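Chain by chain, the residues:
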Amino acid sequence: MSASAPARSFVLALDPQSPPSGLEGAVVAIGNFDGVHRGHVEVIRRAKALAAELGRPCAALTFEPHPAEFFRGRHAIFRLGSMESKARELERLGVDGMIVVEFNEALAALDPQAFVEDVLVRRVAVVGVVVGYDFRFGSERAGGAQTLREEGARRGFRVEVVERVDVEGGRNAPASSTATRAALEAGDVAQAARLLGRPYSIAAQVLPGQKLGRTIGFPTANLAPGPAFRLREGVYAVRISIDGKTHDGVANYGRRPTVGDGAPLLEIHVFDFDGDLYGEAVEVFFVEWLRGEQKFPSLDALKAQIAEDAQAARRLLRGEA
């Protein structure tokens, strides 16, 4: 029996000025890939198929900072994931690497033809490019799919364009980062999951808290998602991954008006878990919206409502709701 080929390592290339080792002559899927939603997944699937046909590696080509942040400032948009989470999801989808191009003034000033020459030809040496139907590039977003096809024909690389991916169920919508952000800002994590093809999640380190939850029988793991996090404030049924094991729980995202308003915080009560999570890296998956955040007249009233929320979350996560 012949030995199997060793698994190929995932390549993360940060603003390369020449074709990255292991990704030379790649087929690239181009996009921001914020959230890696179902439309992105289809672009990746097509890029992998073209790469297999041509016998070439497959990579995702993306940009940091997000162009919206470059033009409008940091935290201008609700980012659906970090660069690290994007890389993890793309690796899970089976691409050979992720090429991150710095989005700066020089890049923003390139016309479409110069973008193709500088980025795709000189810095990546592509043999194929796959983009979504609404892809725009170059200064003033002057280039589109047809421009890319013309440049590919002139320069000798293949171009494929993926049509819109619509999502059935709930509110029918094209799978897009914009639609996913809108769903999350409305608290509709179920719709966000339909758009993403998986539950929306965030990964962060657990922070020390006031330990108020322990005094009322509901200890929490506390996360501070940051100013660009725009999930609707309220209570959610969640799952949380701790050391590779998934636990059910209930979470509140908001300013905790009953105990004094503050910066928004995500507080997760993990069911049937007694360990100390301070400093631990965890991932929280939002399964369903339960209710909006509200102010209670006393800690006893808050405790009673949390008990009701926990029971509702347990039933929902067991599939009983």
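As a reminder, the structure under discussion sits directly above these lines.
Residues numbered from 1 in each chain as written. Predicted model: local features only at pLDDT ≥ 70, side-chain atom pairs only at ≥ 80, totals over all residues. Heavy atoms only, no water.

**Considering the packing of helix H7 (residues 177–185) against helix H8 (residues 189–196)**
Contact geometry of H7 with H8 gives a least axis separation of 7 Å together with a crossing angle of 160°. Accordingly, the angle class assigned to the pair H7 and H8 is roughly antiparallel. Handedness of the H7/H8 crossing: left-handed. Counting all contacts with H7, which are made through Ala179, Thr180, Ala183 and Leu184, the residues of H8 involved are Val189, Gln191, Ala192, Leu195 and Leu196. For the contact of H7 with H8, the per-class residue count stands at seven nonpolar, two polar and no charged. (Axes fitted to C-alpha atoms, helices over the stretch in contact; angles between N-to-C directions. Helix = DSSP H or I, 4+ residues; strand = E, 2+ residues; numbered from the N terminus. Parallel < 35°, antiparallel > 145°, perpendicular 65-115°, else oblique. Left-handed = near helix turned anticlockwise from the far one by under 90°. Contact = heavy atoms within 4.5 Å. Nonpolar A, V, L, I, M, F, W, Y, C, P; charged D, E, K, R; others polar.)

**Some remarks on the sheet that holds strand S10 (residues 221–223)**
What the six strands build is an open sheet, ordered S9-S14-S11-S12-S13-S10; its pairing is antiparallel. Of all the strands in the sheet, the pair left with one neighbour each is strand S9 (201–205) and S10. In this sheet, neighbouring strand axes are inclined to one another by 35° on average, regardless of whether the strands run parallel or antiparallel. Here nine bridges tie strand S11 (residues 234–242) to strand S14 (residues 281–292), and the two strands are oriented antiparallel to one another. Among the inter-strand pairings, glycine 234 is bridged to a residue of S14, identified as glycine 292. Docked against the sheet, H8 engages S11 and S14, running at close to 130° with respect to S14. Across the sheet, helix H10 (residues 299–317) is in contact with S11, strand S12 (245–254) and S14; its angle to S14 comes to roughly 105°. (Pairing = 2+ DSSP bridges.)

**Here we look at the nonpolar core**
Judged by nonpolar contacts, the single largest core of 33 residues is most densely connected at Tyr200, Leu266, Ile268, Val284 and Phe286. Not counting chain neighbours up to four residues away, the residues in contact with isoleucine 268 comprise Pro219, Thr220, Ala221, Leu223, Val238, Ile240, Val250, Ala251 and Val284. Counting 29 residues, the second-largest nonpolar core is a separate cluster that includes Ala13, Phe115, Val119 and Phe135. (Core = buried A, V, L, I, M, F, W, Y, C linked by side-chain atoms within 4.5 Å. Buried < 20%, exposed > 50% of the residue type's maximum accessible area, 1.4 Å probe, protein only.)

**Section: the packing of helix H5 (residues 112–124) against helix H6 (residues 145–155)**
At a closest axis distance of 11 Å, the pairing of H5 and H6 adopts a crossing angle of 55°. Regarding the angle of H5 to H6, the classification is oblique. Crossing hand, H5 versus H6: right-handed. When H5 is examined against H6, the residues Pro112, Gln113, Val116, Glu117, Leu120 and Val121 are found in contact with a partner set consisting of Thr147, Leu148, Glu151 and Arg155. In terms of residue class, the contact of H5 with H6 is made up of five nonpolar, two polar and three charged.

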